[in-house]
Amino acid sequence: MMSVKASCKTCYDYIFGKRQVNVRLVICLVIVNGLFVFSRLPFFLYYPLPIAAPDTATYFWQLEKMEQGMWPTFEFRTPDYPFFWWLCRRISHDILFVIYAQSALTLFSINLILLLLSKYSPQYIVPAAFSLVVHMSSPTHLAI
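Keep in mind that what you see is a predicted model, and the values were worked out from it rather than measured.

Draft legend 1. Fine view of the pattern of salt bridges. Evaluation of the coordinates by the stated rule reveals two salt bridges. In this structure, Arg89 and Glu67 form a salt bridge, with 3.3 Å as the shortest nitrogen-oxygen distance. Pair noted here: Arg89 is in helix α4 (residues 80-91) and Glu67 is in helix α3 (residues 56-67), with a separation of 22 residues, a long-range link. Residue Glu67 is classed as partly exposed on the basis of its relative accessible area of 33%. A salt bridge links Glu67 to Arg90, with the nearest nitrogen and oxygen atoms 3.9 Å apart. Taken together, the residues Glu67 in helix α3 and Arg90 in helix α4 connect sequence positions 23 residues apart.

Here it is, written out as structure tokens:
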């Protein structure tokens, strides 16, 4: 017969996985989320002005067609990002809302990747966290 302590340990491991994996996951989540917030906080606090890139007009052409009720031809762009803009415009016409939504979606995706890795491939949590930190702290992504 199993003791209560052994039974609780088995329940904990069944529900949450091994404790060492959870510690690694929490450390990785704190580092990744902390760097994500730290790297983007100056933009949101001090100079929340979106920068138009040279190809911004090609996104707006697709968006204009969608808002006029026409199906865009997507000759310059794939449908995903103009559609994302269109969905954001349904909620708010403020251009900063697109940046807020994109940042929230990025943060959600990063956390989901780490949570799924902790459940199905815990040996890859640390390398994935390192890769995500390098990727999201690159100057390209910080120049929102």
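Draft legend 2. Here's a closer look at the packing of aromatic side chains. In total, this model carries seven aromatic pairs according to the counting rule given. Where Tyr81 meets Trp85, the ring centres are 6.4 Å apart and the plane angle is 80 degrees; that geometry is what we call edge-to-face. Here Tyr81 and its partner Trp85 are both found in helix α4, four residues apart, which amounts to about one turn of the helix. Assessed through its relative accessible area of 26%, Tyr81 is described here as partly exposed. Through pairs of rings, three or more aromatic residues link up here, namely Tyr59, Phe60, Tyr81, Phe84 and Trp85. Over the aromatic face of Tyr120 sits the side chain of Lys119, whose NZ or CZ is 5.8 Å from the ring centroid.

Procedures and definitions
Residues numbered from 1 in each chain as written. Predicted model: local features only at pLDDT ≥ 70, side-chain atom pairs only at ≥ 80, totals over all residues. Heavy atoms only, no water. Salt bridge = Lys/Arg side-chain N within 4 Å of Asp/Glu carboxyl O. Helix = DSSP H or I, 4+ residues; strand = E, 2+ residues; numbered from the N terminus. Buried < 20%, exposed > 50% of the residue type's maximum accessible area, 1.4 Å probe, protein only. Phe/Tyr/Trp six-rings, centres within 6.5 Å; stacked < 30°, edge-to-face > 60°. Lys NZ or Arg CZ within 6 Å of the ring centre and 35° of its normal.

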